[in-house]
Amino acid sequence: MNLRDDRAGRLILGLRQQGVTDPRVLAAMESIDRAVFVHEKFLDQAWEDQALPIDCAQTISQPYIVGLMTQALDVQPRHRVLEIGTGSGYQCAVLSRLARYVYSVERYRSLLTEAEGKLRLLDIDNVITRHGDGGLGWADQAPFDRIMVTAASPGEPTELLKQLKPGGVLVAPVGRTSVQMLHRYTGQPDGSFRRESLAEVRFVPLVEGTAKEGNA
């Protein structure tokens, strides 16, 4: 066993002990080399269960949170998934192992370009990306079976909920403070949504519009 496999194995064991038990989610996470998506200054921490900084004052999420959100989303092999916030591309890569297609929107053009290169490096070819305002979703490609939001919505993500198929699931952190609540919305037969609160989390805020060129 090489060092990468050893660290990945220990991380997966830790996630299982914390309640991420879906075997498909764990296998997807173990198959993706997180070091590909981590800034070179933090490579020695790539397989630790913690969030790490990336460019544009964003972060690559803690593996436990990636596992928790992915498990809650319940992605099936034929699903089309919308991800809001491509970021480093790590969460997108994990979703790509579970879904038929992943559509990912990022407001920072430089982050998106870098993430696209990393996805190509791993020969991931079922991800479609877009530079745009994540809060608006991707109406041209809607409806989606699943939607994951990797930035904190200040309130109910109503515009994104409109882009779900009947019976679909949306997972998003919601709140205006530094600590938010991770919610899962599940579509009901009458067109409403059942909301479940899963855990307290910390995400960067979901910001309207796209980043100015000087910040992207």
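Residues numbered from 1 in each chain as written. Predicted model: local features only at pLDDT ≥ 70, side-chain atom pairs only at ≥ 80, totals over all residues. Heavy atoms only, no water.

*Asks:* Please give an account of the overall build of the protein chain that cites residues and values.
*Replies:* Of regular secondary structure, the protein chain possesses 6 helices and 9 strands. For 216 residues, the compact-globule estimate of 2.2 N^0.38 gives 17 Å, and the protein chain sits close to it at 16 Å. Expressed along its principal axes, the backbone C-alpha trace of the protein chain runs to roughly 50 × 40 × 35 Å. With 216 residues in all, the protein chain has 48% of them scored as buried. The long-range fraction of contacts in the protein chain, counting pairs at least 24 apart against all pairs at least 6 apart in sequence, stands at 54%. A total of about 10,300 Å² of accessible surface is found on the protein chain, and carbon and sulfur atoms cover 48% of it. The averaged location of the 27 negative side-chain charges in the protein chain is 3 Å from the averaged location of its 25 positive side-chain charges. (Helix = DSSP H or I, 4+ residues; strand = E, 2+ residues; numbered from the N terminus. Rg over C-alpha atoms; globule rule 2.2 N^0.38 Å. Buried < 20%, exposed > 50% of the residue type's maximum accessible area, 1.4 Å probe, protein only. Contact = heavy atoms within 4.5 Å. Areas by Shrake-Rupley, 256 points an atom, 1.4 Å probe, with all protein chains shown as cover. Lys, Arg positive; Asp, Glu negative; His and termini not counted. Charge placed at Lys NZ, Arg CZ, Asp CG, Glu CD.)

*Asks:* Quick one: what's the story with the sheet that holds strand β7 (residues 164-174), residue by residue and with numbers?
*Replies:* Ordered in space as β5-β4-β3-β6-β7-β8-β9, the 7 strands form an open sheet in which the pairing is mixed. At either end of the open sheet lies a strand with only one pairing partner, and these are β5 (127-131) and β9 (193-201). Taking the axes of each pair of neighbouring strands and ignoring which way they run, one obtains an average angle of 15 degrees across the sheet. In this fold helix α3 (residues 63-73) packs onto β3 (80-84), β6 (144-149), β7, β8 (180-187) and β9, with an angle of close to 160 degrees to the strand it touches most, β7. Most of the contacts of helix α5 (residues 109-121) go to β5, to which it runs at about 165 degrees, and overall it touches β4 (101-106) and β5. (Pairing = 2+ DSSP bridges. Axes fitted to C-alpha atoms, helices over the stretch in contact; angles between N-to-C directions.)

*Asks:* Requested: an account of the nonpolar core, with residues and values cited.
*Replies:* In this structure, L15, M29, L73 and Y90 are the most contacted members of the largest nonpolar core, which totals 49 residues. Those elements that place two or more of their residues in this core are α1 (3-17), α2 (23-31), α3, α4 (90-96), α5, β7 and β9. No other element matches α3, which puts 7 residues into this core. Those residues within four positions of L15 in sequence are excluded, and the remaining contacts are V20, L26, M29, D49, P63 and Y64. Counting residues in hydrophobic clusters, the runner-up holds 15 residues, among them L82, I84, L170 and V174. (Core = buried A, V, L, I, M, F, W, Y, C linked by side-chain atoms within 4.5 Å.)

*Asks:* I'd like to hear about α5, residue by residue, with values.
*Replies:* For α5, built from 13 residues, the straight-helix expectation of 18 Å at 1.5 Å per residue is met to within 8% by its first-to-last C-alpha distance of 19 Å. Taken from the residues just after α5, D123 is the one with a positive phi, measuring 60 degrees. (Expected span 1.5 Å × (residues − 1).)

*Asks:* So, the packing of aromatic side chains: which residues are in play, and what are the values?
*Replies:* In this structure the tally under the stated criterion is 3 aromatic pairs. Aromatic pair F37 and Y90: ring centres 6.0 Å apart, planes at 55 degrees, arrangement tilted. In this pair, F37 is assigned in the loop between α2 and β1 (52-53) and Y90 in helix α4, connecting sequence segments 53 residues apart. With relative accessibility at 1%, the residue F37 sits in the buried group. With a relative accessible area of 1%, Y90 lands in the buried category. Between the aromatic rings of Y103 and W138, the centroid separation amounts to 5.5 Å while the plane-to-plane angle is 90 degrees, which identifies the pairing as edge-to-face. Placement of Y103 in strand β4 and of W138 in the loop between β5 and β6 is noted, with a sequence separation of 35 residues between them. (Phe/Tyr/Trp six-rings, centres within 6.5 Å; stacked < 30°, edge-to-face > 60°.)

*Asks:* Run through the pairing of β9, naming residues and quoting values.
*Replies:* Sheet topology places β8 next to β9; 8 bridges connect them, and they run antiparallel. Residue R184 lies in a different strand from β9, and its bridge partner there is E196.

*Asks:* Please set out unusual backbone geometry residue by residue, giving values where relevant.
*Replies:* Residue P143 is bonded to the preceding A142 through a cis peptide linkage, with omega at 5 degrees. As for its position among the elements, P143 is in the loop between β5 and β6.

*Asks:* Residues and numbers for the environment of P143, please.
*Replies:* We classify P143 as partly exposed; its relative accessible area is 38%. C-alpha separation for the pair P143 and M29, spaced 114 residues apart in sequence, amounts to 26 Å. Residues in contact with P143, not counting those within four places in the same chain, are R80, Q163, L164 and K165.

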